[in-house]
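Take a look at the letters that make up each chain.
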Amino acid sequence: MKSNVTKKENERNLTMLMDFYELTMANGYFVKGLKDTKVVFDMFYRTNPDKGGFVVCAGLEQFIEYVKNMHFTQADIDYLRDRQLFDEGFLEYLKEFKFKGTIEAVPEGTIVYPNTPLVTVTAPLIDAQLIETMLLLTINHQSLIATKANRICRAAGEAIVMEFGARRAQGADAANYGARACYIGGAHATATTSADTMFGVKAVGTMAHSWVQFFDSEYEAFKAYAEVYPDSCTLLIDTYDILDSGIVNAIRVAKEVLEPMGKRLKGVRIDSGDLAYFSKKIRKILDDANCKDCQIVVSNSVDEYLIESLKRQGAKIDSYGVGERMITSKSDPVFGGVYKLCAVQNEHGVFEPRIKISENVEKITNPGKKALWRIFDNTTGYGIADLLTLHDEEVSDTEPLPFIDPEKPWKKMKFENVTAKKLQQLIFDNGELVYSIPSLEETRNYVQKQLKEQVWIEEQRFENPHIHYVDLSLKLYELKEKMLSDYMK
């Protein structure tokens, strides 16, 4: 696995990848003398994609790279000046701009739930505003794809899942970072070569139908490939006829070309037709030909639902190549992460809470600077709930811990025999990176460890999963209720 540290010479300056209103607001704050006012923003999402039980949070490393490298070039300043909207003092300020705030976030690969802060930004007002788009872009995209990949990999069970989606991705970055996110979610490899060079996600691939069509016969195509790649020979057998031609010629090459060299046919691949029916037929033919070690690889619009159906039908599949439905999360392609102001520091250095009120109850935010805790059952080790508290609250798990279920606020409830763990870690401290970024392999393993040891199997169902509770401390609930009540006066 390659180093996760991007070389400086390969870094792109993406500073201007932001919504234009971030710049107009920042200019307004500067003109009004508010540039040094500190604020707190939370990045969170409201619903799990595909009506699932959780999300695999991803994209933090790319956001860190953006913040580290954030600077406005002279060309950027010239462009903004030409728009004739911005104060000259503001443009001079941007020339020396460097992010000066503090960022806390859940580590990449953390299993997360709706309405919990994945990233919290405490920073001067302009700093906090200018990073909004890139924060949402990186976390939204990679969390969506990592979560979809994890669903597909869980459906596949022991079978290998490979990401084959670059040509269907929405652009080059979506292909590369999508492959990275798929690996975090559990995929074993990618067909995208640049994702291997950038992140160390192993690139794999054999042949296309064009290889088979180029030669005078299917047998000659298979023979040529076997002679070039005798140690890793997987043959695409559905260019013409799977049973009457493809598998017959594959076995012939195995016997006439590979076995005399002391090699074995590694696999056969199909990406069309009835995958369950053909995989069972192919398995029997291979076994009868003493090719029991030859694997069957399938592709063709595969997702978690098709995989589960294939398994119910007794399909004999060792590996799945998954393309558009994973790299685009086709069944639910938008991850609704949002970035909301929750506190403003007053002249006495105290953070005063802010709340967004909406006609839609689910869009009413939790006010104030907060801390996110996961509550683990001491008997099972599983996470039974997440708890939001005010940032300066003391949380003791050595005695019964009272909380409010926002769905049932009238019930007096408390956690007992639990361990409370704060989920967010310090990433940037007053503009300085203080976080040690884990390797991609460590992040991938972290996902698997949580699913095995900390997440209830009931939460991992694809249909009607158990809803993970997100509760509020008494102080946070009382603050929220007071702010809502004051607004109604």
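The text that follows walks through the structure, step by step, so that each part is easy to find.

Parameters at a glance
- Residues numbered from 1 in each chain as written.
- Predicted model: local features only at pLDDT ≥ 70, side-chain atom pairs only at ≥ 80, totals over all residues.
- Heavy atoms only, no water.
- Helix = DSSP H or I, 4+ residues; strand = E, 2+ residues; numbered from the N terminus.
- Buried < 20%, exposed > 50% of the residue type's maximum accessible area, 1.4 Å probe, protein only.
- Contact = heavy atoms within 4.5 Å.
- Areas by Shrake-Rupley, 256 points an atom, 1.4 Å probe, with all protein chains shown as cover.
- Lys, Arg positive; Asp, Glu negative; His and termini not counted.
- Charge placed at Lys NZ, Arg CZ, Asp CG, Glu CD.
- 1 Å grid on protein atoms, 1.4 Å probe; cavity = no way out; pocket = protein on both sides within 12 Å on 5 of 7 lines; lining within 4 Å.
- Points joined across faces, edges and corners; volume = space filled by probe spheres on them.
- Nonpolar A, V, L, I, M, F, W, Y, C, P; charged D, E, K, R; others polar.
- Pairing = 2+ DSSP bridges.
- Axes fitted to C-alpha atoms, helices over the stretch in contact; angles between N-to-C directions.
- Parallel < 35°, antiparallel > 145°, perpendicular 65-115°, else oblique.
- Left-handed = near helix turned anticlockwise from the far one by under 90°.

### Considering the overall build of the chain
Consideration 1: The helix and strand inventory of the chain stands at 16 helices and 21 strands.
Consideration 2: Taken along its principal axes, the extent of the C-alpha atoms in the chain is 85 × 60 × 40 Å.
Consideration 3: When each of the 489 residues of the chain is scored for burial, the buried share is 52%.
Consideration 4: The long-range fraction of contacts in the chain, counting pairs at least 24 apart against all pairs at least 6 apart in sequence, stands at 75%.
Consideration 5: In the structure as shown, the chain presents an accessible area of about 22900 Å², 51% of it carried by carbon and sulfur atoms.
Consideration 6: Separation of charge centres in the chain, based on 60 positive and 71 negative side chains, amounts to 2 Å.

### So, empty space enclosed by the protein
Consideration 1: Evaluation of the coordinates by the stated rule reveals three cavities of 30 Å³ or more.
Consideration 2: Taken together, Leu60, Glu61, Ile64, Glu108, Arg180, Tyr435, Ile437, Pro438, Ser439, Leu440 and Thr443 make up the full set of residues lining the largest cavity.
Consideration 3: Among the secondary structure elements, those contributing two or more residues to the lining of the largest cavity are α2 (60–68) and α15 (440–453).
Consideration 4: It is α2 that contributes the most residues to the lining of the largest cavity, three residues altogether.
Consideration 5: Within the lining of the largest cavity, the residues separate by chemical class into six nonpolar, two polar and three charged.

### Things to note about the pairing of strand β5 (residues 119–124)
Consideration 1: A large share of β5 lies buried, amounting to six of its six residues.
Consideration 2: The pairing of strand β1 (residues 38–44) with β5 spans six bridges and is classified as antiparallel. Bridging across to β5, valine 40 finds its partner in threonine 122.
Consideration 3: Sheet analysis places strand β3 (residues 102–105) next to β5, joined by four bridges and oriented antiparallel. Note on β5: the bridge partner recorded for glutamate 104 is threonine 120.

### Focus on the sheet that holds strand β18 (residues 418–422)
Consideration 1: Spatial ordering of the open sheet is given by β18-β14-β15-β21, a layout of four strands whose pairing is mixed. Strands at the two margins of the open sheet, each flanked by one partner only, are β18 and β21 (469–472). Within this sheet the neighbouring strands show an average axis-to-axis angle of 30°, counted without direction.
Consideration 2: In the sheet, strand β14 (residues 370–377) pairs with strand β15 (residues 383–390) via seven bridges, with the strands oriented antiparallel. Bridge assignment links leucine 372 to a residue of β15, and that residue is leucine 388.
Consideration 3: Contacts between helix α16 (residues 474–488) and the sheet are confined to β14, β15 and β21, with β15 contributing the most and set at about 55° to the helix.

### Some points on the sheet that holds strand β20 (residues 432–433)
Consider a sheet: its strands pair through backbone hydrogen bonds, and that pairing is either parallel or antiparallel.
Consideration 1: Taken together, the seven strands give an open sheet; going across it, the order is β13-β12-β1-β5-β3-β19-β20, and neighbouring strands pair in antiparallel fashion. Strands with a single pairing partner mark the edges of an open sheet, and in this sheet they are β13 (351–353) and β20.
Consideration 2: Sheet analysis places strand β19 (residues 425–429) next to β20, joined by two bridges and oriented antiparallel. Bridge pairing links aspartate 429 to glutamate 432 in β20.

### What about the packing of helix α3 (residues 74–82) against helix α4 (residues 88–95)?
Consideration 1: Orientation of α3 relative to α4, taken along the N-to-C sense of each, is 165°, at an axis distance of 10 Å. Here α4 runs roughly antiparallel to α3, going by the angle between their axes. Both α3 and α4 take part in a crossing whose hand is right-handed. Contacts from Gln74, Ile77, Leu80 and Arg81 in α3 reach Glu88, Leu91, Glu92, Leu94 and Lys95 in α4.
Consideration 2: Looking at the contact of α3 with α4, its residues break down into four nonpolar, one polar and four charged.

### Looking at the packing of α2 against helix α6 (residues 132–156)
Consideration 1: Between α2 and α6, the least distance of the axes is 8 Å, while the angle of their chain directions is 160°. In this view, α2 runs roughly antiparallel relative to α6, as classed from their interaxial angle. The element α2 and its partner α6 pack so that their crossing is right-handed. Residues Leu60, Gln62, Phe63 and Tyr66 of α2 form the contact with α6, whose own contacting residues are Met134, Leu135, Thr138, Ile139 and Gln142.
Consideration 2: In terms of residue class, the contact of α2 with α6 is built from six nonpolar, three polar and no charged.

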